Amino acid sequence: MSDPTLQIPQGWESRAPQGWEWQTLWEAIETGDHAYTGQKVQAAIDAKIDPRVILDDGLFPGFNLQSDRFSAQIIFIPEMLITARAMKKGLSLIRPLLAAQAEKPVGTFVMGTVLGDMHDIGQSIVTIMLENAGFNVINLGTDVHPDKFITTARANNADLVGFSALLSTTVYYQKVTIEEFAKAGDRKRVHILIGGAPTSPEWAQECGADGWGKDAVEAVRLALKLVKEQRQAWN
Amino acid sequence: MSEKVTVTFIDESGKTRPVEAARGATLLDAAHAAGIGIEATCGARGRCRTCRVKVLKGELSPPTIQDLVQLGDEEVREHFRLACQVKLIADCTAQPMPPREEAGHKILSGGKTVTEDSRLEIDSGVIKHVVRVNPPSDENLQTSDVEEVLSTLPVGTDRRVPIEVTRKIPSLIRTNKGVVTVTTFAGGIIDVEPGDTSAHLYGMAFDIGTTSIVGTLMDLKTGEQLAEVGSVNPQSIYGGDLMSRIAFAQFDPKKLQTLRAKALNAINDFVEEACTKAGVSANHVYKIVVVGNTCMHHIFLGIDVTHVGLAPYAPVARDLIVLPSKDVPLKGAPNAQVCLLPIVAGFVGADTMACVLATRIYESEQVRSLVDIGTNGEVVMGSKHRLVACSAPAGPAFEGAQIRNGMRGAVGAIERVHLNGDVECETIGDAPPIGICGSGLIDSCAVFIDARIIDASGRLRRERRELLTKALRDRFVDTPDGCEFILVHKDRSGRNEPIVLTQADIRQLQLAKSAIFSGVAMLQQVMNVPNADLTELMLCGGFGNYISIESAVKIRLLPELPLERITYVGNAALMGAQMALLSEVERRRSLDLARQIEHVALATHPQFQEIFVDGMNFSGTTFDAEKKSLAKAARESKLTATGS
């Protein structure tokens, strides 16, 4: 397998002012330099570059490179996390501008760790990656009661709900939470994704989830695929 | 179509045993229902190979993805399957065949004994009173047999005599001139025997670990150790690590009883074995101290562990417990009082309390730390002024689980790795290598960091391998699934294929070691103790004995302290149990200490994530930093070249 390489966006020069360069931002995201990321993104905004262009040409190349490396296990959680944080910094500046342009989120995703489980890192990485992919993510944190998932999904017309479990003793609550969605009559209104170290594709099937991702990158890919599939509408 | 199928199990000696099972049940369920012990270390989730069977005859459900992942195409073609994955659809014949590397691993016992602790004053609380009882002789006197016995005993003896003892009294005090031996524990009568048996006063201490159970028989008069027993915890067949054990029994009282019976039977057998070894009667075992983590403690007592496994992971009961053996029940030692040490929290149990007792960390002037490296490790830190504790669950990587060629520390496991231009591996028992155990994993990563095969971020070198020797270069394999490093080439391997360390294996190790490292670091932060002020770090438990401390520091499993400050203190849990066995002062002290220890919940601590993520890194530099410094060196060399 050849190592992932930086994919330089074609024709970026035509979308940026004369003399502009993105290389330093790609590197800043890659190495997780969130201070520089903030400065450079702000400079781009001040230079009146379209926020969509800043996102696609400025932020994504470095981020995608690290995501691919993470997926291939070439880099690990610490490096992925600092990249994700730098990315988040950049996004926080751009998101209000995108909203002002009435750019709609790809979908609404309710995320959390199941009842009885305090693990946070995995789902927080997935959250940032989903946000980067354009989702509106509502993160409920850890130790989340099934009712909380249901009411939040309802209140926000969620397209997808995802919950992680990191203990052999708490995967049980993935199943319980899905059952509660069914009891509430909301199971067909959302796609449900599960994940976490003790889970497997077989478990996803057994507990009635719509999908399982082995890592954050796969979770995002799956979410993008599922969000296009037909569901029952929210009342 | 019949709802039942017959599975015929064949054991190693060729003996067959037909078992009836429901169609659709798994082969593993069928085996367990029939009492056939097939280990399923991962908790029957298809994530390990311990339940491997060879199917000799009959039709089965198709292999699952888990079968293929764990066993590989070739084994599946040869009819090897995972018993937890196979669903029964017709009659069949199967032979349990756990992989060789899972069998017979090292169990830690022995080491330093408590009698070497010169400061321990023996006061087990068990006293034998040899007395002469005069049976009532005058009808006008309002008395009874029991009252006559009590009149010979010290004032303050509990007047409530157990009914079993009362039943023995009438005949005993009327034979042998009324000479009897009355045994009391903490002022309460526990037995009466004919004649003088004061020479026979024994007790046992047990440490019920998730992986193994060890125990010792001791003379309660002299403190001498008379026998030692131990084995793998027989509950292991229902899940190797603690969490899968809890998951097994969760919400199901029957399964809890199954686990409990395994522990009770083992303890009964150990009492018998130890007494036979020492040539003493089990009737003379009067006190049994049991320590174990919260889960083992609860299961031993038949207490539901469902909620111990769920946040906020609270134990059901925490105090000192003393029970007559019939209430446990432990039939093997009918006269014993069974004592359990207190618990601090759901994952800081009675075993940790025993370690605190044994190491006397509570009277230290300077700050010391106590670390149990394990699947569910614990860290205690403090001094006479303050004690804090946390659980540091490393997961099963140190036991070789979820490592491609991982195995427990058994014969043929790589336990040391050296570098001498090329890689050299030492195995347990000097046998041909068949896998790598936790200590080998730690050692190999430490050595590879120095050799620049791995960098500080845990990345296997992918770039500029020409900087390495050819022998090392040739050990890299790039597969579609990622990079691997060959530890032992096929021709030297004991398993007809090379033994490799994969990038994913290193990632598993990083997660495991950071759990321990960040546990220590968090307590240091809570106590405000920099490395310079941490006087001693004591390693206890089985695993601490086998690792190279130098390597553990190198990979940042342990904090960077001068090596002489890191010591191995043996099976401190068992030693603490022995102390509580021999001394009531120590046993009662454990309760004071348990209430004094502050429990730090890592997961909810605001700084934990930062520390945990940082803890995943090894020491040293990254290849990226190396790349930069090389580039800088190149620029500078150009500069000097042009300058001259």
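Description of the structure in this document. (Residues numbered from 1 in each chain as written. Chains lettered and ligands numbered in written order. Predicted model: local features only at pLDDT ≥ 70, side-chain atom pairs only at ≥ 80, totals over all residues. Heavy atoms only, no water.)

## Overview of the packing of helix α8 (residues 350-359) of chain B against helix α14 (residues 584-596) of chain B
All names here are of chain B. This is how the line gets drawn: As a rule, the C-alpha atoms of each element are fitted with a line to give its axis, helices using only the stretch in contact, and angles between N-to-C directions run from 0 to 180 degrees. Runs of E in the DSSP output that reach at least two residues are strands. Runs of H or I that reach at least four are helices, and both are numbered from the N terminus. Each angle is binned into one of four classes, with values under 35 degrees roughly parallel, values over 145 roughly antiparallel, values of 65 to 115 roughly perpendicular, and all other values oblique. Note on convention: near helix rotated counterclockwise from far helix by under a right angle means a left-handed crossing. Clockwise means right-handed. Note on contacts: a residue pair qualifies if any of its non-hydrogen atoms lie within 4.5 Å across the two residues. Each residue receives one of three labels: charged for Asp, Glu, Lys and Arg, nonpolar for Ala, Val, Leu, Ile, Met, Phe, Trp, Tyr, Cys and Pro, and polar for the others, Gly being one of them.
As a packed pair, α8 and α14 sit with axes 10 Å apart at the nearest point and diverge in direction by 115 degrees. With respect to their mutual orientation, α8 and α14 come out roughly perpendicular. Seen along the crossing, α8 lies across α14 with a hand that is right-handed. Residues M353, V356 and L357 of α8 form the contact with α14, whose participating residues are E586, R589, S590, L593 and A594. Residues belonging to the contact of α8 with α14 are distributed by class as follows: five nonpolar, one polar and two charged.

## As for the layout of surface pockets
For the record, the criterion: Cavity: a set of points on a 1 Å grid over the protein atoms alone where a 1.4 Å probe fits but cannot get out. Pocket: an open set with protein on both sides within 12 Å along at least five of seven lines, its lining residues, like those of a cavity, having an atom within 4 Å of a point. Grid points are joined across faces, edges and corners, and a volume is the space filled by probe spheres set on the points.
Considering only enclosed or pocket space, the second largest pocket measures out at about 1300 Å³ in volume. Lining the second largest pocket are 38 residues, and of these E206(A), G43(B), A44(B), R45(B) and K255(B) lie nearest its centre. If you list the elements that add at least two residues to the lining of the second largest pocket, you get α7 (172-183) and α8 (201-206) of chain A together with α1 (27-33), α5 (242-249) and α6 (253-278) of chain B. Per element, the largest residue contribution to the lining of the second largest pocket is four residues, and it comes from α1(B).

## Some details on the packing of helix α1 (residues 23-31) of chain A against helix α2 (residues 34-46) of chain A
For any two helices packed against each other, one specifies the inter-axial angle together with the distance between the axes. All names here are of chain A. Remark: α1 packs on α2, axes separated minimally by 9 Å, with the N-to-C direction vectors making an angle of 150 degrees. Here α2 runs roughly antiparallel to α1, going by the angle between their axes. In this structure, α1 crosses over α2, and the sense of that crossing is left-handed. Residue-level inspection shows T24, L25, A28 and I29 of α1 in contact with α2, the latter providing Y36, T37, K40 and V41. Taken together, the residues of the contact of α1 with α2 break down into five nonpolar, two polar and one charged.

## Here we look at helix α2 (residues 65-77) of chain B
Rules: For a helix, the expected span equals 1.5 Å multiplied by the residue count minus one. Bend, in this description, refers to the angle at a residue between axes fitted to the seven residues ending there and the seven starting there. Here the term buried applies to any residue with accessible area under 20% of the maximum for its type, exposed to any over 50%, and partly exposed to those in between, with areas from a 1.4 Å probe on protein chains only.
The terminal C-alpha atoms of α2(B), which comprises 13 residues, lie only 14 Å apart, well short of the 18 Å expected from a rise of 1.5 Å per residue. Most pronounced at L71(B), the bend in α2(B) amounts to some 105 degrees. Turning to α2(B), its buried residues number three or more, namely Q66(B), D67(B), Q70(B), L71(B) and V76(B). Contact partners of the buried residues in α2(B): α8 of chain A together with β3 (52-60) and β4 (80-82) of chain B. Just past α2(B), the residue H79(B) takes up positive phi, approximately 70 degrees.

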